[in-house]
Amino acid sequence: MAKSFHVGQNQGGEDMRSKWLIAAWVIGALALALPAVPPAHAQQRTIVIKVWTIGPDNPSKTRFENVVTAAERLNGDLRREGADYQIKVDGFFDTTDWAPYLRRLLLAFQGSDAPDIVQASAALAPTWSAAGFIAPLDTYVPKHQQFSDVVPALWAAMRYAGKTWGIPQDTEARPLYYNKALLKRLGWTDAQINDIPKRIVSGDFTWDDVMTLSREARQKNIIEAGKGYYHRPTQGPDWVQWYRSFGGRDFDTATGKLVFNKAAALRYYRWLRAGVDTGVIERDRLNGDWNRFMQPVTDGRVLFWSGGTWQWAEWEQQWVGAKGGEQWLFENFGYAPHPSHVKGGKPITLSNPQAYMVSAASKNKDLAMRLLAYTTVPDLDAKHAIGSAHLPVLQRTSQLVKNRFLNEVSYLLAYSTYLPPHPDLPKWQDSFYRGISAVESGSATPEQAVDVVAAEMQRTIGDKIIIE
Amino acid sequence: MRRYAAPLLFLLPATILILLFFVVPVGMTLYLSFTDISTLTFRNPKWVGIANYPTLLRDPFIGKILLNTVRYVSLTLLFNVGMGLALALFSSSVRERWANQVRAVWLLPRILPPVVYVLIWHGLTREAPFGLVSDITGISQNWISGRPWTVLVLANGLVGASFGMLIFSSAIKSISQDLFYAAAVDGATTMQTVRRVVLPMLRWPILFVTAYQTLSLLTSFEYILLLTDGGPGFYTTTVWALHAYKLALSNYFGNVQFGLGAAMAAFLVVIGVIVSLIYLRIFNFRELVAEPKVEVN
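Q: Before we go on, may I ask you to explain the sheet that holds strand β7 (residues 176-179) of chain A in this structure?
A: One key point about sheets: their strands pair by backbone hydrogen bonds, in either a parallel or an antiparallel sense. Residues and elements named next belong to chain A. In space, the four strands of this open sheet follow the order β8-β11-β7-β12, with mixed pairing throughout. Two strands lie at the open edges of the sheet, namely β8 (229-230) and β12 (333-336), each paired on one side alone. When β8 meets strand β11 (residues 304-306), the two strands line up parallel, connected through two bridges. If you follow Y229 over to β11, its bridge partner there is F304.

Q: Just to check I follow, could you spell out the packing of helix α12 (residues 309-319) of chain A against helix α13 (residues 325-332) of chain A for this structure?
A: A pair of packed helices is characterised by two quantities: the angle between their axes and the separation of those axes. Residues and elements named next belong to chain A. As a packed pair, α12 and α13 sit with axes 8 Å apart at the nearest point and diverge in direction by 125°. As judged from the angle between their axes, α12 and α13 are oblique. Here α12 runs over α13; the crossing is right-handed. Residues W312, W315 and E316 of α12 lie in contact with α13, whose contacting residues are G325, E326 and L329. Broken down by class, the residue content of the contact of α12 with α13 amounts to three nonpolar, one polar and two charged.

Q: Help me understand the packing of helix α2 (residues 62-81) of chain A against helix α14 (residues 365-375) of chain A in this model?
A: Residue and element names in this part refer to chain A. Interaxial distance between α2 and α14 falls to 8 Å at its minimum, and their mutual angle equals 105°. Between α2 and α14, the angle is such that the two are roughly perpendicular. For the pair formed by α2 and α14, the contact residues are N66, V67, A70, A71, R73 and L74 on the first element and R370, L371, Y374 and T375 on the second. Residue classes in the contact of α2 with α14 are distributed as six nonpolar, two polar and two charged.

Q: Honestly, the interface of chain A and chain B in this entry has me stumped. Any pointers?
A: Where the parts come together, the accessible area they lose is often given as the size of the interface. Tallying the contact residues gives 33 residues for chain A and 23 residues for chain B. Secondary structure elements with two or more residues in the side of chain A that touches chain B: α3 (98-110), α4 (125-131), α18 (425-441) and α19 (446-461) of chain A. Tallying contributions element by element places α18(A) first for the side of chain A that touches chain B, with eight residues. Of the residues that constitute the side of chain A that touches chain B, the class distribution is 13 nonpolar, twelve polar and eight charged.

Q: It is not clear to me how the domain arrangement of chain A should be interpreted in this structure. Could you clarify?
A: Residue and element names in this part refer to chain A. As far as domains go, chain A holds domain 1 (41-171 + 353-414) and domain 2 (176-350 + 424-467). Using C-alpha coordinates to define each centre, domain 1 is positioned 30 Å away from domain 2. In this complex, domain 1 contributes 15 residues to the contact, which on the side of domain 2 involves twelve residues. Looking at the side of domain 1 that touches domain 2, the elements that each hand over two or more residues are α4, α15 (378-388) and α17 (404-409). Taken together, the residues that form the side of domain 1 that touches domain 2 break down as eight nonpolar, six polar and one charged.

Q: Sorry, what's going on with the sheet that holds strand β6 (residues 167-170) of chain A here?
A: All names here are of chain A. The mixed open sheet is built from five strands, whose spatial order is β2-β1-β3-β14-β6. In this open sheet, the two edge strands, each paired with only one partner strand, are β2 (85-94) and β6. For this sheet the average axis-to-axis angle between neighbouring strands, irrespective of direction, equals 25°. With ten bridges joining them, strand β1 (residues 45-54) and β2 adopt parallel strand pairing. Its bridge partner being in β2, V51 is matched across the sheet by G91. Across the sheet, α2 is in contact with β1, β2, β3 (117-121) and β6; its angle to β2 comes to roughly 175°.

Each value, and the rule that gives it
Residues numbered from 1 in each chain as written. Chains lettered and ligands numbered in written order. Predicted model: local features only at pLDDT ≥ 70, side-chain atom pairs only at ≥ 80, totals over all residues. Pairing = 2+ DSSP bridges. Helix = DSSP H or I, 4+ residues; strand = E, 2+ residues; numbered from the N terminus. Axes fitted to C-alpha atoms, helices over the stretch in contact; angles between N-to-C directions. Parallel < 35°, antiparallel > 145°, perpendicular 65-115°, else oblique. Left-handed = near helix turned anticlockwise from the far one by under 90°. Contact = placed C-beta atoms within 7 Å. Nonpolar A, V, L, I, M, F, W, Y, C, P; charged D, E, K, R; others polar. Domains from an automatic or database assignment.

So this is what it looks like as structure tokens:
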């Protein structure tokens, strides 16, 4: 018993010692660890800023990544300022399509899940502000000096009903591209080819020339049927630009009403119909499949096509890598503004600037705007512009960017127009597009289509549209 | 009252499900169809009465969409039921081992997720040198654009046929063996056996499959959406349900018109009910569910 007691006591002594040792270690470790964590951290809050963005083109991923980088920088400054919070960006970059993205947004706006910051076309601001989804930003913008360097014309595109609804994210031009190699096979010299942009600007080269050249190329079997002229395969903002290039106006500044000019629409519809009838435009060009646009274009089988500057980055990164990348593009593709329909007419392109908007339901509007100010800086602006072939929004960025393509297309902005600021614009666009679809597929004559479109616009937009 | 307690209790779960997933949605759809709810008016929808319905009917192309729907449902149905029946007859006339293999293969399209299944179709139907169909036929074209209806009916039908196949094969199995012996004794050929013995016995399953498939085809549009998106061109393959979906839920500019879409959906409910009544009439439903005149054990 005594022996066992002795042993027990001895063991107990060792137990005690090791306990003390462990305790000492723990205290020591804690003492070492503590200075690394500032005492304030224990009370620091994390404020989540929800940010939803979309391309849908892959290279535009910097629309989201730049916000994340900006958040890191902002957090650094917040720490230095001794703020008791940090921010965390929670969101995504969508590469699917506009329709599902906007549907998701709509439901989020209506539910309790609205993102603080949403990136979309600035042209959606009238609709969303009228619906009460987004907040006016006029009181916030002057608080951040970063915004003062934004290209002034872009602010105009953010305004509706006397208020600013977005922070410019990027802009672009939508040029008419042409295939130089195919033109050469038509017998054109380099000088003639390089003259096309100038001739379009001076009004010497018109839509009729596009048609005539395409027909010639078809007759000489230089192109396959339907590959004289390609336009986008889906709905989009561009249709307004082509309607305008055929002499149409879509907005009456005096009354603030939308306008549908039947004569201009008829000219455009007839031009498209003639293209289909003569084998220059595909009957099923509106097939909804972008791959069926990109593949023939980058295979060098299409003579003229309307696209966007951002597609340059898509072609370079996703389509012509094996052929020599951007160098191949420069050798084979030319770009110009869209021509007019008459000799001496004005050239045109369309810019559909993207904007970061702040949702009306956001509880952190101040912080969201500060985050956007950190996003609107030259290095991030440049990174997005070069990576995605969009045009920058800051004036200083243009000096920073040494990029041949961006420099060569930036003059297009001189001919740029914007979408009209009207909440019912989508209805106008949907009707007009239906007309095009009906004409190209042969379901209606251009004359019938114009009447149907006019009647539909009158019906859906009511007294907010002038049919002329 | 107490004698009904047990039956009512047993009916309760099904009743709740029907209320929750059929009656309530129909009520909500009807309610929405009487409002102008859209992107612009999402927060403050206005009651507009039946205004959405005349708006729909005034669309000069609604007739085309209706015709497309009839075409889609009838062609696919014909393929579905016909193919299902042919497969059931075929697989019932070969050895069970082989029959099961055949059925398993035909079930593949059904167990594939629609997106994957359609991706395969997209791959098969591309221009040469990418597409298998172009390679085999020697005609290089995008077959979805070139023959959208054929592709739609085939793609849908190959999925749908397995449904009929399963129901019909099990129905054929349940036909009393004596009847086949009797037919053989009477010297009936295979065709005569099918026509005089099998098909009459399959009347009830054929009604069920036809009615069920009609209703599901009327409302289904996922394969059309994924294959042609209603195109190519102008509403070439746009059916009623797809048009409703696009109006109500899918617009490039986010300009969705729930009210108008709901009105279209409400039309579909009415059409569905009418079609069901017609089927019940044609197949003489009352007689089918009547007590058997002779008890066979």
